[in-house]
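# Results of the structural survey
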Amino acid sequence: MLTPWVLRLIIANVVIYVLTKLRPPFMEFLAFAPATFLHEPWTILTYMFAHSLGDFSHILFNMLSLFFFGPRLEHEL
(Lines give C-alpha, C1' and ligand atoms only; values in the text may rest on other atoms or scores of the structure.)
Protein backbone atom coordinates (compact mmCIF):
# COMPACT_ATOMS: atom_id res chain seq x y z
CA MET A 1 0.00 0.00 0.00
CA LEU A 2 1.36 3.40 -1.00
CA THR A 3 2.01 5.65 1.98
CA PRO A 4 1.30 9.38 1.95
CA TRP A 5 4.99 10.31 2.26
CA VAL A 6 6.09 8.07 -0.58
CA LEU A 7 3.33 9.54 -2.74
CA ARG A 8 4.51 13.06 -1.84
CA LEU A 9 8.08 12.15 -2.80
CA ILE A 10 6.97 10.73 -6.13
CA ILE A 11 4.90 13.82 -6.89
CA ALA A 12 7.74 16.17 -5.87
CA ASN A 13 10.24 14.29 -8.03
CA VAL A 14 7.98 14.31 -11.08
CA VAL A 15 7.10 18.00 -10.68
CA ILE A 16 10.76 18.99 -10.33
CA TYR A 17 11.69 16.79 -13.29
CA VAL A 18 9.06 18.48 -15.48
CA LEU A 19 10.06 21.96 -14.31
CA THR A 20 13.74 21.34 -15.02
CA LYS A 21 12.94 19.98 -18.47
CA LEU A 22 10.68 22.93 -19.33
CA ARG A 23 12.98 25.53 -17.75
CA PRO A 24 16.61 24.31 -17.67
CA PRO A 25 17.85 27.31 -15.61
CA PHE A 26 15.62 26.04 -12.81
CA MET A 27 18.14 23.20 -12.35
CA GLU A 28 20.83 25.71 -11.36
CA PHE A 29 18.47 27.30 -8.83
CA LEU A 30 18.02 23.92 -7.07
CA ALA A 31 21.48 22.41 -7.49
CA PHE A 32 23.90 22.39 -4.56
CA ALA A 33 27.18 24.25 -4.92
CA PRO A 34 29.37 24.57 -1.80
CA ALA A 35 30.60 28.01 -2.89
CA THR A 36 27.07 29.46 -2.90
CA PHE A 37 25.59 27.53 0.02
CA LEU A 38 25.56 30.53 2.40
CA HIS A 39 23.56 32.55 -0.13
CA GLU A 40 21.34 29.65 -1.26
CA PRO A 41 20.81 27.43 1.81
CA TRP A 42 17.75 25.65 0.36
CA THR A 43 20.03 23.80 -2.04
CA ILE A 44 21.09 21.41 0.73
CA LEU A 45 17.56 19.93 0.45
CA THR A 46 16.62 20.59 -3.15
CA TYR A 47 19.70 19.07 -4.80
CA MET A 48 18.31 15.56 -4.27
CA PHE A 49 15.37 16.37 -6.52
CA ALA A 50 17.46 18.01 -9.23
CA HIS A 51 20.57 15.83 -9.29
CA SER A 52 19.64 13.83 -12.34
CA LEU A 53 20.47 14.86 -15.85
CA GLY A 54 19.03 11.62 -17.13
CA ASP A 55 16.21 11.09 -19.55
CA PHE A 56 12.64 10.00 -18.90
CA SER A 57 13.57 6.34 -18.35
CA HIS A 58 15.86 7.41 -15.49
CA ILE A 59 13.07 9.06 -13.50
CA LEU A 60 10.59 6.36 -14.51
CA PHE A 61 12.68 3.56 -13.02
CA ASN A 62 13.59 5.64 -9.96
CA MET A 63 9.92 6.34 -9.26
CA LEU A 64 8.97 2.71 -9.87
CA SER A 65 11.61 1.67 -7.36
CA LEU A 66 10.31 4.22 -4.88
CA PHE A 67 6.75 3.02 -5.50
CA PHE A 68 7.59 -0.63 -4.81
CA PHE A 69 10.24 -0.34 -2.09
CA GLY A 70 9.47 3.01 -0.44
CA PRO A 71 6.48 1.90 1.64
CA ARG A 72 8.33 -1.19 2.91
CA LEU A 73 11.36 0.85 3.84
CA GLU A 74 9.20 3.49 5.51
CA HIS A 75 7.45 0.79 7.51
CA GLU A 76 10.78 -0.67 8.66
CA LEU A 77 12.10 2.73 9.70
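Summary of the structure given here. (Residues numbered from 1 in each chain as written. Predicted model: local features only at pLDDT ≥ 70, side-chain atom pairs only at ≥ 80, totals over all residues. Heavy atoms only, no water.)

## Things to note about a nonpolar patch on the surface
- Where nonpolar side chains cluster on the molecular surface, the patch consists of Leu2, Leu7, Ile11, Val15, Leu19, Phe56, Leu60, Phe61, Leu64, Phe67, Phe68 and Phe69 and spans about 1,100 Å² of accessible area.
- Mapped by element, the contributors of at least two residues to the nonpolar patch are helix 1 (4-22) and helix 4 (56-76).
- Top element by residues in the nonpolar patch is helix 4. It accounts for 7 residues.
- By the element assignment, Val15 lies in helix 1.
- With relative accessibility at 43%, the residue Val15 sits in the partly exposed group. (Patch = residues over 30% accessible without salt bridge, like charges linked within 9 Å, V, L, I, M, F, W, Y side chains within 5 Å. Areas by Shrake-Rupley, 256 points an atom, 1.4 Å probe, with all protein chains shown as cover. Salt bridge = Lys/Arg side-chain N within 4 Å of Asp/Glu carboxyl O. Helix = DSSP H or I, 4+ residues; strand = E, 2+ residues; numbered from the N terminus. Buried < 20%, exposed > 50% of the residue type's maximum accessible area, 1.4 Å probe, protein only.)

## Quick notes on helix 1
- Over its 19 residues, helix 1 runs 27 Å from end to end, which matches the ideal 27 Å to within 8%, given 1.5 Å per residue.
- Where helix 1 is concerned, the buried positions are Val6, Ile10, Asn13, Ile16, Tyr17 and Thr20. Looking straight down helix 1, one finds its buried side chains confined to an arc of 135°; they lie on one side. Exposed positions of helix 1 whose direction lies more than 90 degrees from the buried face are Pro4 and Leu22.
- Close packing links the buried residues of helix 1 with helix 2 (25-30) and helix 4. (Expected span 1.5 Å × (residues − 1). Arc of directions from axis to C-beta. Contact = heavy atoms within 4.5 Å.)

That's the geometry; what it means functionally is another story.
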